[in-house]
Amino acid sequence: MKQLDLRRFPGFFAITLLCVVVLYAPLLVVSVYSFNASTSITNWGGVSLEWYVDVFTGPESPKFQRAAMNSLIIAVLAGLCATLIATSAAVAMHRAGRFKGKTATFALINLPLMVPEVVTAVASLIFFTAIGFSGGVGTILLAHITFCIPFAYLPIAARMQSVPDSYEQAAMDLYATPWEAFRLILLPLMMPGIFSGFLLAFIISLDDFLITNFVKGAGVETLPTAIFGAVKQGIKPNIMAISTLMLGVSVVFVTLSWLIGRSGQAKT
Amino acid sequence: MTGTVINIDRVVKRFGTFTALHEVSLDIAENEFFTLLGPSGCGKTTLLRCIAGFEPVSGGQIRLHGEDIAPLPPFKRPVNTVFQHYALFPHMTVLENVMFGLQRLGWSVVDAEGRAKQALELVHLSQFLKRRPGQLSGGQQQRVALARALAPEPKVLLLDEPLSALDLKLRQAVRMELKQIQRETGIAFVFVTHDQEEALTMSDRIAVMSDGHVQQIGAPREIYEAPANRFVADFIGETNLIEVPVLGISDGMAEVSLPGGRALRCPTPLSRAVGQGVLSLRPERIDLCPASEADLTVIATDQVYLGTDIQLKAQLAGGQEMTVRLQNAEATRLPERGTEVGLKLEAGAARLLSA
């Protein structure tokens, strides 16, 4: 029997083109116009790097640098904490055998993926207000750790499922205590998944806007909220340069996460 | 054979409501190549995992040199395992794999490296020290697994179907080598397999298991030539099982009435007279003969050419199928299909078992 060839469907090419344009045309426009020499965001005035220079040295640069620093610190810390929690969760889910409420635990870990983000944002805000936390880097960090856990968990758990438990049994058979078996055997074998999970959590934290905007206090900005704040006063070309830089960082990290995850899979 | 190294005493293992081992008892002697043989699901691997410590026993004791090790975790038992799929650590080199156990026991790096190299020499793998397991062939990985398990000089080496992942030719070569290594090291091997040929060629003694029970323990020859019951006779080698009336039993010999009326004296493990028994007839101990001297008369139904042997399929008057193995040299006097043939039972062909 002939295999079904999607490319022979009528209109396949048109639909594909439409999807690609809708998804990527705005990104392309932003990226291209970030190199615009003109101050207008619609008229092309030749190629220039002036807006990139403006991002780092212009009048708004201290504000953006502070926001970028906040974003970076929060993303690194949130990524690390979420990875640590997700790794522990993955070990419990895949090595502790069956336990009561295992399915419920799995659902709980992944719940933030299903809950609409705005609901999480409102709930986080109400929670922090209720316990008397005032908005700031701390509340942003706590909220970010929470919603980053499932993103870190998925690649880690996937990796762990591909490591048969006979390795740890072999280690224990060779006089390794359970802790040594974990540290010397399971952890190194899980490392590609853990790293991939961290990078994913990092990037999710880095570009989160909605939840951050709800729980951040006045005066504290991350890069996405700072960009949004600047855009409200009218779009300037320097915003396009910042956005393009962020896009670049995201692409690099997501690609890295994918490559590491894949190379680890292939090795065993 | 000197003392007992492992004494398995009425070990019971239950998984939920399923009982995998029913009060299994057996002794393994020092320097012995001991095989647990049985079909899949018979409990042989479970018993091995109980000895290694991966499965807690539900009852009974496992003694190592007289000391009960059943409460000890696997990393405190001086036994090592060669896993079915080797479980070599993929992120370590061959040398690091073999050194692993020694370093956990507190050996210095220098000492551990020296011993690991010795162990790798024993399995003829000295040239691959720096390779990763993924860069080795299946046969080489199997040797690394063996070296890794032997390096700490365990009291007992447990082998969980280590040859099943190898192809046929390699498997046959490794059998002899494994046996030789066992002799050289003097370590007791407990070898799990479902392959009776493997068991017969390598073992000093075999425990045949089925459904969580030990059916018989004995030397390969004993298991094959004097099976204790119907299961063992059927599982080890080929046999013809024919129900016969028993005329009498005394001093390990039975007198039975063969189909066709002739009486036959044959050995039996049974001590009390039973009305009906099962006669096990080994196909290679049956020969063709003229009808006047025949113990059994059959109708030839088919022939299967096997190279060294020819398998003759035949039917008794009652319709029961029988198989006879004839040396290929005798092929010229094979009976035509559908003709009547006389069969002579040679010494040791028959054994009476309980029905």
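It should be emphasised that the depicted structure is a prediction, and the values quoted were computed from it without experimental measurement.

Trainee: Would you mind going over the overall build of chain A with me for this structure?
Mentor: Counting secondary structure elements, chain A contains 11 helices and 0 strands. Written out in order from the N terminus, the α and β elements of chain A read α-α-α-α-α-α-α-α-α-α-α. Expressed as lengths along the three principal axes of its C-alpha atoms, the size of chain A is roughly 70 × 65 × 30 Å. In chain A, buried positions account for 39% of the 268 residues. Contacts spanning at least 24 positions in sequence make up 73% of the contacts within chain A whose residues lie at least 6 apart. Carbon together with sulfur atoms contributes 73% to the accessible area of chain A, which is approximately 14,800 Å² in total. Treating the 16 positive side-chain charges of chain A as one cloud and the 12 negative ones as another, the clouds have centres 7 Å apart.

Trainee: Explanation requested: the overall build of chain B in the structure shown.
Mentor: Counting its regular elements, chain B contains 8 helices and 20 strands. The principal-axis extent of the C-alpha atoms belonging to chain B is close to 80 × 45 × 40 Å. The contacts of chain B with a sequence gap of at least 6 include a subset with a gap of at least 24, amounting to 65%. For chain B, the distance from the average site of its 36 positive side-chain charges to the average site of its 41 negative ones is 6 Å.

Trainee: Whenever I open this one, the UniProt feature "domain: ABC transmembrane type-1" (unreviewed entry) in chain A confuses me. Can you help?
Mentor: UniProt marks residues 68–257 of chain A with the feature "domain: ABC transmembrane type-1" (unreviewed entry), using the numbering shown here. Secondary structure across residues 68–257 of chain A divides into 81% helix and 0% strand, with the first and last C-alpha atoms of the span separated by 21 Å.

Trainee: Honestly, the pattern of salt bridges in this entry has me stumped. Any pointers?
Mentor: For side chains bearing opposite charge, pairing can occur when the charged atoms are close. The tally for this structure, following the rule as stated, stands at 23 salt bridges over all chains. One salt bridge connects Asp9(B) with Arg10(B), and the closest N-O pair in it is separated by 3.1 Å. A salt bridge links Arg115(B) to Glu153(B); the shortest N-O distance between them is 3.8 Å. Remark: Glu153(B) occurs in the loop between α4 (138–150) and β7 (156–160) and Arg115(B) occurs in helix α3 (residues 109–122); sequence separation between them is 38 residues. For Glu153(B), a relative accessible area of 53% gives the class exposed. The network of salt bridges with common partners includes Glu60(A), Lys63(A) and Lys236(A).

Trainee: Hey, could you run me through the UniProt feature "domain: ABC transporter" (unreviewed entry) in chain B in this one?
Mentor: The UniProt record annotates "domain: ABC transporter" (unreviewed entry) at residues 6–236 of chain B. End C-alpha atoms of residues 6–236 of chain B are separated by 25 Å, and the span's content is 36% helix alongside 27% strand.

Trainee: Help me understand the interface of chain B and chain A in this model?
Mentor: A common way to express how large an interface is: the accessible area buried when the components associate. Across the boundary between the two partners, chain B contributes 23 residues, which contact 18 residues of chain A. Three residues, Phe75(B), His91(B) and Arg104(B), lead the burial of chain B against chain A; their summed loss comes to 32% of the area buried on that side. Here Glu180(A) makes a salt bridge to Arg104(B), at a shortest N to O gap of 3.4 Å. Scanning the region where chain B abuts chain A turns up 7 residue pairs in polar contact (both at pLDDT 80 or more). Listing elements by their share of the side of chain B that touches chain A, those giving two or more residues are α1 (44–52), β6 (79–82) and α2 (94–104) of chain B. When grouped by side-chain class, the residues that make up the side of chain B that touches chain A number 15 nonpolar, 4 polar and 4 charged.

Trainee: It is not clear to me how the domain arrangement of chain B should be interpreted in this structure. Could you clarify?
Mentor: The assigned domain composition of chain B is domain 1 (4–225) and domain 2 (238–353). Between the C-alpha centres of domain 1 of chain B and domain 2 of chain B there is a distance of 39 Å.

Trainee: Would you mind going over the nonpolar core with me for this structure?
Mentor: Across soluble globular proteins, nonpolar side chains show a tendency to be buried alongside one another. If you look at the biggest cluster of nonpolar residues, it comprises 71 residues, and the most contacted ones within it are Leu26(B), Leu36(B) and Phe89(B). Looking at this core element by element, the count peaks at 12 residues for helix α6 (residues 137–161) of chain A. In this view, Leu26(B) contacts Ile6(B), Asn7(B), Ile8(B), Phe34(B), Leu36(B), Leu47(B), Ala207(B), Val214(B) and Ile217(B); residues no more than four positions away in its chain are not counted. Grouped together as the second largest cluster of nonpolar side chains are 36 residues, Leu136(B), Leu157(B), Leu159(B) and Leu178(B) included.

Trainee: How should I be thinking about helix α1 (residues 12–33) of chain A in this particular structure?
Mentor: Every α-helix carries 3.6 residues per turn, so stepping three or four residues along brings you back to the same face. Its 22 residues give α1(A) an end-to-end C-alpha distance of 31 Å, which sits within 8% of 32 Å, the value for a rise of 1.5 Å per residue. Of all the bends in α1(A), the greatest, near 45 degrees, is centred on Tyr24(A), and the proline Pro26(A) appears no more than four residues after it.

Trainee: What's the story with the domain arrangement of chain A in this structure? I'm lost.
Mentor: Residues and elements named next belong to chain A. Annotation of chain A at the domain level lists domain 1 (8–46) and domain 2 (56–264). Here the C-alpha centre of domain 2 lies 30 Å away from the C-alpha centre of domain 1. On the domain 2 side, the residues contacting the 9 residues of domain 1 number 8 residues. Between domain 1 and domain 2, the buried area comes to about 660 Å², and carbon and sulfur atoms account for 78% of it. Of all residues in domain 1, Val 30, Ser 34 and Ile 41 give up the largest surface area on contact with domain 2, accounting jointly for 59% of the area buried on that side. For the pair domain 1 and domain 2, the number of links is 0 salt bridges.

Trainee: Before we go on, may I ask you to explain the UniProt feature "transmembrane region" (unreviewed entry) in chain A in this structure?
Mentor: Residues and elements named next belong to chain A. Under the local residue numbering, the UniProt record ascribes the feature "transmembrane region" (unreviewed entry) to residues 12–35, 72–93, 105–131, 137–160, 181–204 and 239–260. Spanning residues 105–131, this segment combines 89% helix with 0% strand, and its end C-alpha atoms are found 25 Å apart. Across residues 239–260 one finds 100% helix and 0% strand; the C-alpha atoms that close the span lie 31 Å apart.

Trainee: Sorry, what's going on with the sheet that holds strand β20 (residues 350–354) of chain B here?
Mentor: Paired through backbone hydrogen bonds, the strands of a sheet run either parallel or antiparallel to each other. Residues and elements named next belong to chain B. Within the open sheet, the 5 strands sit side by side as β13-β12-β11-β14-β20. Their pairing is antiparallel. The strands lining the two open edges of the sheet, one partner per strand, are β13 (263–267) and β20. Averaged over all neighbouring strand pairs, the angle between strand axes comes to 45 degrees, with direction disregarded. Note: strand β11 (residues 240–250) against strand β12 (residues 253–257), 4 bridges, orientation antiparallel. What sits directly across from Val 246, in β12, is Val 256.

Parameters and conventions
- Residues numbered from 1 in each chain as written.
- Chains lettered and ligands numbered in written order.
- Predicted model: local features only at pLDDT ≥ 70, side-chain atom pairs only at ≥ 80, totals over all residues.
- Heavy atoms only, no water.
- Helix = DSSP H or I, 4+ residues; strand = E, 2+ residues; numbered from the N terminus.
- Buried < 20%, exposed > 50% of the residue type's maximum accessible area, 1.4 Å probe, protein only.
- Contact = heavy atoms within 4.5 Å.
- Areas by Shrake-Rupley, 256 points an atom, 1.4 Å probe, with all protein chains shown as cover.
- Lys, Arg positive; Asp, Glu negative; His and termini not counted.
- Charge placed at Lys NZ, Arg CZ, Asp CG, Glu CD.
- UniProt positions renumbered as here; feature names shortened; annotations may be inferred.
- Salt bridge = Lys/Arg side-chain N within 4 Å of Asp/Glu carboxyl O.
- Buried area = accessible area lost by both parts, 1.4 Å probe.
- Polar contact = N/O pair within 3.5 Å; in protein donor to acceptor, adjacent residues only side chain to side chain.
- Nonpolar A, V, L, I, M, F, W, Y, C, P; charged D, E, K, R; others polar.
- Domains from an automatic or database assignment.
- Core = buried A, V, L, I, M, F, W, Y, C linked by side-chain atoms within 4.5 Å.
- Expected span 1.5 Å × (residues − 1).
- Bend = angle between axes of the 7 residues up to and from the residue.
- Pairing = 2+ DSSP bridges.
- Axes fitted to C-alpha atoms, helices over the stretch in contact; angles between N-to-C directions.

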